[in-house]
Amino acid sequence: MVTMKPEDHQDPNDPTPVPLGVAIDDRPAKPTKPGASNDADDRRRALLIIAGIVGGVLLVIILGNTVLRPFIAAQHERVLIGVTERQVEELADLAVEYYRDRGIAPTGYADLSSADRLETATGRDQWGSAFVFDVLSGSDGTRSISVRSAGPDGEFGTDDDIASERALVPTEEPGAP
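Just so it is clear, the structure is predicted and the values come from calculations on it, not from any experiment. (Residues numbered from 1 in each chain as written. Predicted model: local features only at pLDDT ≥ 70, side-chain atom pairs only at ≥ 80, totals over all residues. Heavy atoms only, no water.)

As for the environment of S144
Okay, so step 1: Among the structural elements, S144 can be located in strand β4 (residues 143-149).
Okay, so step 2: Along the backbone, S144 and A167 are 23 residues apart, and their C-alpha atoms lie at a distance of 4.1 Å.
Okay, so step 3: There is a polar contact of 2.8 Å between the side chain of S144 and the side chain of E165. (Helix = DSSP H or I, 4+ residues; strand = E, 2+ residues; numbered from the N terminus. Polar contact = N/O pair within 3.5 Å; in protein donor to acceptor, adjacent residues only side chain to side chain.)

Set out below in structure tokens:
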């Protein structure tokens with residue numbers, strides 16, 4: 001800021017006298033030639049930039065919702081299938097241990113719930129269906145246990161069922177020949 005005499009900065013078209021000792025801005029005067037910006041133009045530009053950003057964000061949200069949602073849902077479904085596959089494998093292994101320890105096959109999750117290693121918190125798969133335990137007999141006299149999940153569709157006997165089968169090998173009694 002510079003203090004100037006009235007005659008140094010008095011506008012010849014302005015009849016109002018400027019008192020002596022008034023501080024005036026050092027800034028250059030606003031451009032007045034055509035195409036030059038002023039405060040109104042700057043505000044308009046700022047509003048257009050903000051509107052562009054808001055519009056871009058809304059576009060991303062809309063596209064994300066319509067385009068990415070199916071992709072994310074498919075990824076989520078794959079994760080649920082993987083978790084259920086691990087649950088079925090764990091339960092099948094525990095069913096074999098149960099058979100070895102007791103000489104009978106478990107009929108369901110409740111039979112295994114007393115096992116110390118049971119990590120599957122509930123007897124249900126990721127879609128809420130109960131696991132099914134079946135003892136299967138082969139034509140050659142072998143037996144196996146199958147643990148099944150209904151899978152994503154919640155119906156047993158369809159292509160998306162998740163199952164694991166383990167052989168049930170009888171244990172020999174101690175002292176048997």
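That covers the picture; the talk isn't over yet.
Quick notes on the nonpolar core
Okay, so step 1: Counting 17 residues, the largest nonpolar core has L91, L112, F131, F133, I145, V147 and L168 as the members making the most contacts within it.
Okay, so step 2: Broken down by secondary-structure element, the contributors of at least two residues to this core are α2 (39-102), α3 (109-112), β4 and β5 (162-168).
Okay, so step 3: Here this core gets eight residues from one element, more than from any other, and that element is α2.
Okay, so step 4: If sequence neighbours within four positions are ignored, V147 has contacts with V88, L91, A92, F131, V132, F133, I162, A163 and S164. (Core = buried A, V, L, I, M, F, W, Y, C linked by side-chain atoms within 4.5 Å. Buried < 20%, exposed > 50% of the residue type's maximum accessible area, 1.4 Å probe, protein only. Contact = heavy atoms within 4.5 Å.)

A look at a nonpolar patch on the surface
Okay, so step 1: On the surface, L47, I49, I50, I53, V54, V57, L58, I61 and I62 cluster together to form a nonpolar patch covering roughly 880 Å² of accessible area.
Okay, so step 2: Along the polypeptide, L47 turns up in helix α2. (Patch = residues over 30% accessible without salt bridge, like charges linked within 9 Å, V, L, I, M, F, W, Y side chains within 5 Å. Areas by Shrake-Rupley, 256 points an atom, 1.4 Å probe, with all protein chains shown as cover. Salt bridge = Lys/Arg side-chain N within 4 Å of Asp/Glu carboxyl O.)

A word on the environment of L94
Okay, so step 1: By the secondary structure assignment, L94 is in helix α2.
Okay, so step 2: Accessibility expressed as a relative area gives 2% for L94, which makes it buried.
Okay, so step 3: Between the C-alpha atom of L94 and that of S113, which follows or precedes it by 19 residues, the distance is 9.9 Å.

Points about the sheet that holds strand β3 (residues 132-137)
Okay, so step 1: Within the open sheet, the three strands sit side by side as β3-β4-β5. Their pairing is antiparallel. On the outer flanks of this sheet lie β3 and β5, each paired with one strand and no other. Sheet twist, expressed as the average angle between the axes of neighbouring strands with direction ignored, equals 20°.
Okay, so step 2: In this sheet, β4 lies alongside β3 in antiparallel orientation, the contact comprising six bridges. Along β4, the bridge assignment pairs V135 with I145.
Okay, so step 3: Docked against the sheet, α2 engages β3, β4 and β5, running at close to 20° with respect to β5. (Pairing = 2+ DSSP bridges. Axes fitted to C-alpha atoms, helices over the stretch in contact; angles between N-to-C directions.)

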